Amino acid sequence: MGVELDPHGKMPDVVVYYQKQDWLILIEAVTSHGPVNLKRHNELKQLFQFSSKGLVFMTAFPSRKEMTRYLAEISWETEVWVADQPDHLIHFNGERFLGPYENRENLS
């Protein structure tokens, strides 16, 4: 998968390979070390810089109430999953929903 891990690097709590999309989903449980904030986002990007897979950064929360405590810290370009509503994700970057990425250059 092109992943070369530093034995001293700070691994995420969970790594999931989503074969259909060829993504690595890097999941942090907020209860272990907090959410994927800007610092953690950059650490994970550095740790997985040699991966040939698409990287998805995600924070897992036990509840939406718990998520609100960390809302200001959550990094852009990440996802949030909440255990008390497991069928939904919250995407922290609205650009993706404005249209397909491959057509972005045609919007200007």
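The following refers to the structure shown.

### Things to note about the overall build of the protein chain
Within the protein chain, the regular secondary structure consists of 3 helices and 5 strands. Taken across its 108 residues, the protein chain has 34% of its residues classed as buried. Here the analysis covers contacts within the protein chain between residues at least 6 apart in sequence; of these, 46% occur between residues at least 24 apart. If you sum the accessible surface of the protein chain, you get close to 7,400 Å²; carbon and sulfur atoms cover 53% of it.

### Details of the pattern of salt bridges
Applying the stated criterion across every chain yields a total of 6 salt bridges. Put simply, Lys53 and Asp22 hold a salt bridge, and the shortest N to O gap is 2.9 Å. Note that Lys53 is positioned in the loop between helix H2 (38-47) and strand S3 (54-61) and Asp22 in the loop between strand S1 (14-18) and strand S2 (23-29), a separation of 31 residues in sequence. The class of Asp22 is partly exposed, set by a relative accessible area of 29%. Among the salt bridges present, the one from Arg69 reaches Glu66, with a minimum N-O distance of 2.8 Å. Linking Arg69 with Glu66, this pair stays in helix H3 (residues 64-70), spanning 3 residues, or about one helical turn. We classify Arg69 as exposed; its relative accessible area is 58%.

### Observations concerning the nonpolar core
Counting 8 residues, the largest nonpolar core consists of Val30, Phe61, Met67, Tyr70, Ile74, Val80, Val82 and Phe92. Looking at this core, the elements that each hand over two or more residues are H3 and strand S4 (79-82). With near-sequence residues (within four places) excluded, Phe61 lies in contact with Val30, Pro35, Glu66, Met67, Tyr70, Ile74, Val80, Trp81, Val82 and Ala83. Leu24, Val36, Leu44 and Leu47 belong to the second largest nonpolar core, which has 7 residues in total.

### A few points about the pairing of S3
Along any regular strand the residues' side chains alternate between the sheet's two faces. Counted residue by residue, S3 has 6 buried out of 8 residues, so it is predominantly covered. Here S2 runs beside S3; their pairing, made up of 7 bridges, is parallel. Residue Trp23 lies in a different strand from S3, and its bridge partner there is Gly54. Relative to S4, S3 runs parallel, the two sharing 4 bridges. Looking at the pairing, Met58 lines up with Glu79 of S4.

### Notes on the sheet that holds S4
With mixed pairing, 5 strands are arranged side by side in an open sheet as S1-S2-S3-S4-S5. In this open sheet, the two strands that pair with only one neighbour each are S1 and strand S5 (89-91). Shown here is a sheet whose adjacent strand axes are inclined to one another by a mean of 25°, direction ignored.

### Concerning the environment of Val56
The residue Val56 is located in strand S3 in this model. Each C-alpha atom of the pair Val56 and Ile27 lies 8.3 Å from the other, and the pair is 29 residues apart in sequence. Filtering out sequence-adjacent residues up to four positions away, Val56 remains in contact with Trp23, Leu24, Ile25, Leu26 and Glu79.

Quick notes on the rules
- Counting from 1, residues in each chain are numbered in the order their sequence is written.
- In keeping with the model being predicted, local features are shown solely for residues with a pLDDT of at least 70 and side-chain atom pairs are shown and tallied solely at 80 or more, while totals for entire chains, interfaces and linings include all residues.
- Derived side-chain values reflect all non-hydrogen atoms in the structure, with water molecules and hydrogen atoms excluded from consideration.
- Strands here are runs of E lasting at least two residues and helices are runs of H or I lasting at least four, both read from the DSSP assignment and numbered beginning at the N terminus.
- Three labels apply to residues, based on accessible area from a 1.4 Å probe with only protein chains included: buried if under 20% of the type maximum, exposed if over 50%, partly exposed otherwise in between.
- A contact between two residues is defined here by any heavy atoms of the two lying within 4.5 Å.
- Reported accessibility uses the Shrake-Rupley method at a 1.4 Å probe radius. Residues are deemed covered only where the shown protein chains occlude them.
- Throughout this description, the term salt bridge denotes a Lys or Arg side-chain nitrogen within 4 Å of a carboxyl oxygen of Asp or Glu.
- Among buried residues, the Ala, Val, Leu, Ile, Met, Phe, Trp, Tyr and Cys ones that are joined through side-chain atoms within 4.5 Å form a nonpolar core.
- Should DSSP find at least two bridges between two strands, the strands are regarded as paired.
- Only the contacting stretch of a helix is used when fitting its axis, a line to C-alpha atoms as for every element, and angles between N-to-C directions run 0 to 180 degrees.

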